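Per-entry structural report
So the chains spell out like this:
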Amino acid sequence: MDERLSSELLSRPGAVPDSGDDAPVAGHYGDPTREQRALEQGSAVVDLSNRSVVTVSGPDRLSWLSTLSSQQIAGLKPGEPTELLLLDISGRIEHDAAVIDDGETVWLITEGSHGAVLAQWLDSMKFMLRVEITDRSAEYAVLGSMAALPEATSPAPQIVWEDPWPQLGVGAASYAEIEESQHPGSDWSWRLSLAPRDALGAVIDSILQAGWMLAGTMASEALRIAAWRPRLAREVDEKAIPHELDLIRTAVHLSKGCYKGQETVARVHNLGHPPRRLVFLHLDGSEHTLPAIGSDVLAASAEASPEQLTQERAVGKITSVGRHHEMGPIALALVKRKVDPALQLVVRDGAEEPSFYAAAQEIIVRPDAGQAVGRPQGDFLRKPRR
């Protein structure tokens, strides 16, 4: 992680640093459950100053981003939030960014580990177009909240992105099993606000003076998991395509012009099914621990012996895990499409002396997602030509 993204808020009372993709910001400030409740109620703010901010300016910025990405950006209105994906030639996700235009500049917010690479790649694709790409991560810090920050926040955020999840965008499609009105993300009102990095302490002080509190990433992650919201740093691996994560609903326009990876997006949507599907898991809480991200998911009975479970072949991986203040331990996982949706699963954490967690699955991406039109079904992804 770039050292410039280290957060000064780690010096605040009770701050406990997170690790991995969420370093170096606070995982919590001493009371994760209370923080989560306050965040859900719209009275807490999360330090996400480890995230990256990239801007694209110039008169060709919107049409240019449309030609590169999965999203229709050309007609984006100032202040209108959206999400875009940049794919490889085989349709696999390379970048996922929150997008908002202020009338002169497109602001892209992404994971801390992706910002510099994203800026470099965009710069390499300029050619003769009138666009300028700048990595602004050293200038702006990202704050997360479930409600608009207090009006008295000073200095006021210059840019605020409201997550469109899970509302279907123009040209989008749902891969979910449930009706839209029943989607658990209906209460997800996530916002990313940009504040000058050199004024971050003052911004937080003004928010706290308005009666809000600081919440850590443990709180925001638990609420994100409960909303079935995929995240680039968690659900996206080297094989992930948008269909597997239900990202067709917010990040893909199915009828826009050509872009890299479009052939796979169209082929899987119109002719087949994605090879894997995202599931929501209710984990057994009797262990009083949580499995690690990357733990194996097994299509095996919880009554099987530890020896049998140790030898069982995995059908998926845990991608996100958290402890919800009402539901208890929960997780997101990517599993093979043909795993029986009614099957009770088991999570295996560790290799030498593994721990096992019973896991009840809820369908996010339905097993029959995609269109069957008489063609052979299966994994339509092809290796790129060399």
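See above for the structure.
This one's a predicted model, so the numbers in the text were calculated from it and none came from an experiment. (Residues numbered from 1 in each chain as written. Predicted model: local features only at pLDDT ≥ 70, side-chain atom pairs only at ≥ 80, totals over all residues. Heavy atoms only, no water.)

**Comments concerning empty space enclosed by the protein**
The line we're drawing: Grid points spaced at 1 Å and placed over the protein atoms alone form the basis of the search, with a cavity being a set where a 1.4 Å probe fits but cannot get out and a pocket an open set showing protein on both sides within 12 Å along at least five of seven lines. Lining residues have an atom within 4 Å of a point. Grid points are joined across faces, edges and corners, and a volume is the space filled by probe spheres set on the points. A run of H or I in DSSP counts as a helix once it spans at least four residues, and a run of E counts as a strand once it spans at least two, with each numbered from the N terminus. By the convention adopted, Pro, Cys, Tyr, Trp, Phe, Met, Ile, Leu, Val and Ala count as nonpolar, Lys, Arg, Asp and Glu as charged, and the other residues, Gly among them, as polar.
Taken as a whole, this structure holds one cavity of 30 Å³ or more when the rule is applied. In this model, the largest cavity occupies a volume close to 360 Å³. Lining of the largest cavity is provided by 23 residues; of these, R51, E111, W190, L192 and R231 occupy positions nearest its centre. Breaking the lining of the largest cavity down by element, the ones donating at least two residues are β6 (93–101), β7 (105–110) and α5 (217–226). When residues of the lining of the largest cavity are assigned to their parent elements, the largest contribution, four residues, is made by α5. For the lining of the largest cavity, the class distribution of residues is 10 nonpolar, three polar and 10 charged.

**Observations concerning the pairing of strand β17 (residues 345–349)**
The criterion, for reference: Remark: exposure states derive from per-residue accessible area (1.4 Å probe, protein chains only) relative to the maximum for the residue type, with buried under 20%, exposed over 50%, and partly exposed in between. When DSSP finds at least two bridges between two strands, those strands are taken to pair.
For β17, a buried count of five out of five residues is recorded, marking the element as mostly surrounded by other parts of the structure. Taken together, the three bridges between strand β14 (residues 296–298) and β17 define a ladder with antiparallel strand orientation. Residue pairing across strands places D296 opposite R348, the latter belonging to β17. For β17 and strand β18 (residues 355–363), the ladder comprises five bridges, and the chain directions are antiparallel. The residue of β18 that forms the bridge with V346 is A358. Counting the residues between successive antiparallel strands, the hairpin from β17 to β18 contains five residues, one of them, G350, with a positive phi of roughly 100°.

**Things to note about the sheet that holds strand β10 (residues 159–162)**
Sheets are built from strands paired through backbone hydrogen bonds, the pairs being either parallel or antiparallel. The following threshold applies: Lines fitted to C-alpha atoms define the axes here, with helix axes fitted over just the stretch in contact, and angles between the N-to-C directions of these axes take values from 0 to 180 degrees.
The mixed open sheet is built from five strands, whose spatial order is β10-β11-β9-β3-β12. Edge positions in the sheet fall to β10 and β12 (213–215), since each has one partner strand and no second. Sheet twist, expressed as the average angle between the axes of neighbouring strands with direction ignored, equals 35°. Bridge count for β10 against strand β11 (residues 191–196) is four bridges, and the pairing is antiparallel.

**Points about the sheet that holds β6**
With antiparallel pairing, the five strands of this open sheet are ordered in space as β5-β6-β7-β4-β8. The open sheet terminates on both sides in strands that have one partner only, identified here as β5 (82–87) and β8 (132–135). Averaged over neighbouring strand pairs, the angle between their axes works out to 30° when direction is ignored. As judged from the four bridges shared by β6 and β7, these two strands associate in the antiparallel manner. Its bridge partner lying in β7, I100 is registered against W107.

Don't take any of this as a statement about function, it's just geometry.
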